[in-house]
2 protein chains.
Amino acid sequence: MLELEERIRQQGTVKPGNVLKVDAFLNHQCDVALFDAMGAAWAEHFQGKPITKILTIEASGIGIACVAARHFDNVPVVFAKKAQSINLDGEQYVTQVYSFTKQREFPVIVAKKFLSADDHVLIIDDFLANGKALQGLIELCEDAGATVEGIGIAIEKGFQGGGDRLREAGFDLDSLAIVESMDADNGTVTFRH
Amino acid sequence: MLELEERIRQQGTVKPGNVLKVDAFLNHQCDVALFDAMGAAWAEHFQGKPITKILTIEASGIGIACVAARHFDNVPVVFAKKAQSINLDGEQYVTQVYSFTKQREFPVIVAKKFLSADDHVLIIDDFLANGKALQGLIELCEDAGATVEGIGIAIEKGFQGGGDRLREAGFDLDSLAIVESMDADNGTVTFRH
């Protein structure tokens, strides 16, 4: 998606350790017009799939998923939680995910009443690197017997391999910008096309 | 807002300890058509105010704020973070907020580059009870020299007093449903009108 690539070039910052900061428009400050265009792009890609629910994970995925849902007949968005809380009760699907960013495991939790074998799920998230968080969401869908119809990602770090493993496993993965390489010294980002 | 009150009556659950669970449509599963109607209601209430930015806090406020922003000329949404992360760098506005739910203090953080003295801010959040989290967001705006033009809340627990304190302090607070009382024994909710 050219518009997203342009924004990454203009407003993204490459930091040492393969960190791509896009907090100006994606995951701290949010450009909702861009989110809307992203939703339209996914709606075109996943056209014809009988999607009944969008699944994402807190926090950065939520805004993107909610704006994108407007392009999918307003299907409900469910966001997985990363911690237990008093607001979570009843039976839950839970899995553990290792975060390289945080250097620790965290739980990924969805209440059972919001994910079922009748659901045809589109998973949406802001970033895909090694794919651990996404794998957690896929596991929850499998536990529920739900069908994963597709995965919509804003920015995939192609060089970390998580996206290609999902494609090889047969998932219909639509990443709107795939970073092939990036260079912290001169701040450049190269995209896969 | 009648539509929101109806949903609370139909799908909300009252739990002991003044807990109102609305995870079926507001803060775990999200009804984005309802969020859109909420955004339209706030746009009507805050009509004429020169809003340049919507400020919310992770996680449950993000979806509501992003969908609502579509009704405010797509102004940027900034969501305050509740923890430090490697994705936060540069100078920050930070304050500490006490959470009765979690029984501990947590930080409320916004990068300085996303909030300035030029900003006219609409604060949006899903819940207002004692108002501690909201007070934290207001403090960050004050630190930045930004103008708080208004506060849009989905559900205010009127009996906890946080909303009335903000109104007395002169804030233009628009809560779409104000719970006057609730009863865990028979599951009833009474609204203020």
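- Under an unreviewed UniProt entry, the name given to chain A is Xanthine phosphoribosyltransferase, and the organism recorded is Bifidobacterium criceti.
- Under the UniProt heading Function (unreviewed entry), the note attached to chain A is "Converts the preformed base xanthine, a product of nucleic acid breakdown, to xanthosine 5'-monophosphate (XMP), so it can be reused for RNA or DNA synthesis."
- Turning to chain A, the UniProt record has this under Subcellular location (unreviewed entry): "Cytoplasm".

**A few points about the pairing of strand β11 (residues 188–191) of chain A**
All names here are of chain A.
Consideration 1: Alternating residues of β11 divide into Val-189 and Phe-191, all buried, and Thr-188 and Thr-190, none buried.
Consideration 2: Sheet topology note: the strand β10 (residues 173–183)/β11 ladder contains four bridges and is antiparallel. Looking across to β11, one finds that Val-179 is bridged to Phe-191.
Consideration 3: Here β10 folds back onto β11, and the loop between the two strands holds four residues, one of which, Gly-187, carries a positive phi near 75 degrees.

**Description of the pattern of salt bridges**
Residues and elements named next belong to chain B.
Consideration 1: Under the counting rule described, the total for this entry stands at 22 salt bridges over all chains.
Consideration 2: Here Glu-91 and Lys-112 are joined by a salt bridge, their closest N and O atoms 3.7 Å apart. Taken as a pair, Glu-91 in the loop between β5 (77–80) and β6 (92–99) and Lys-112 in the loop between β7 (104–111) and β8 (120–128) lie far apart in primary sequence, 21 residues in all.

**Quick word on the packing of helix α2 (residues 32–45) of chain B against helix α3 (residues 60–69) of chain B**
Residues and elements named next belong to chain B.
Consideration 1: Packing of α2 against α3 brings their axes to within 8 Å, and their N-to-C directions diverge by 60 degrees. In terms of orientation, α2 and α3 fall into the oblique class. α2 and α3 meet at a crossing whose hand is right-handed. Contact residues: Val-32, Phe-35, Asp-36, Met-38, Gly-39 and Trp-42 in α2; Gly-63, Ile-64, Val-67 and Ala-68 in α3.
Consideration 2: Partitioned by chemical class, the residues of the contact of α2 with α3 number seven nonpolar, two polar and one charged.

**Some details on the sheet that holds strand β10 (residues 173–183) of chain B**
Consideration 1: Across the sheet, which stays open at both edges, the seven strands sit in the order β3(A)-β5(B)-β4(B)-β8(B)-β9(B)-β10(B)-β11(B) with mixed pairing between neighbours. Either end of the sheet is taken by a strand with one partner, and the two such strands are β3 (29–30) of chain A together with β11 (188–191) of chain B.
Consideration 2: Across the sheet, helix α1 (residues 2–11) of chain B is in contact with β9 (147–157), β10 and β11 of chain B; its angle to β11(B) comes to roughly 160 degrees.
Consideration 3: Against the sheet, helix α4 (residues 132–144) of chain B makes contact with β4 (53–57), β5, β8 and β9 of chain B, and its axis sits at roughly 170 degrees relative to β8(B), the strand it touches most.

**Structural notes on the interface of chain A and chain B**
Consideration 1: With 40 residues of chain A in contact, the opposing surface of chain B contributes 40 residues.
Consideration 2: Taken together, the two surfaces of chain A and chain B that pack against each other cover about 3,300 Å², and 61% of this comes from carbon and sulfur.
Consideration 3: Viewed at the interface, chain B and chain A are joined by four salt bridges.
Consideration 4: The residue Arg70(B) makes a salt bridge to Asp36(A) at a minimum N-O spacing of 3.0 Å.
Consideration 5: Linking chain A to chain B there are 14 residue pairs in polar contact (both at pLDDT 80 or more).

Conventions and cut-offs
- Residues numbered from 1 in each chain as written.
- Chains lettered and ligands numbered in written order.
- Predicted model: local features only at pLDDT ≥ 70, side-chain atom pairs only at ≥ 80, totals over all residues.
- Heavy atoms only, no water.
- UniProt positions renumbered as here; feature names shortened; annotations may be inferred.
- Buried < 20%, exposed > 50% of the residue type's maximum accessible area, 1.4 Å probe, protein only.
- Helix = DSSP H or I, 4+ residues; strand = E, 2+ residues; numbered from the N terminus.
- Pairing = 2+ DSSP bridges.
- Salt bridge = Lys/Arg side-chain N within 4 Å of Asp/Glu carboxyl O.
- Axes fitted to C-alpha atoms, helices over the stretch in contact; angles between N-to-C directions.
- Parallel < 35°, antiparallel > 145°, perpendicular 65-115°, else oblique.
- Left-handed = near helix turned anticlockwise from the far one by under 90°.
- Contact = heavy atoms within 4.5 Å.
- Nonpolar A, V, L, I, M, F, W, Y, C, P; charged D, E, K, R; others polar.
- Buried area = accessible area lost by both parts, 1.4 Å probe.
- Polar contact = N/O pair within 3.5 Å; in protein donor to acceptor, adjacent residues only side chain to side chain.

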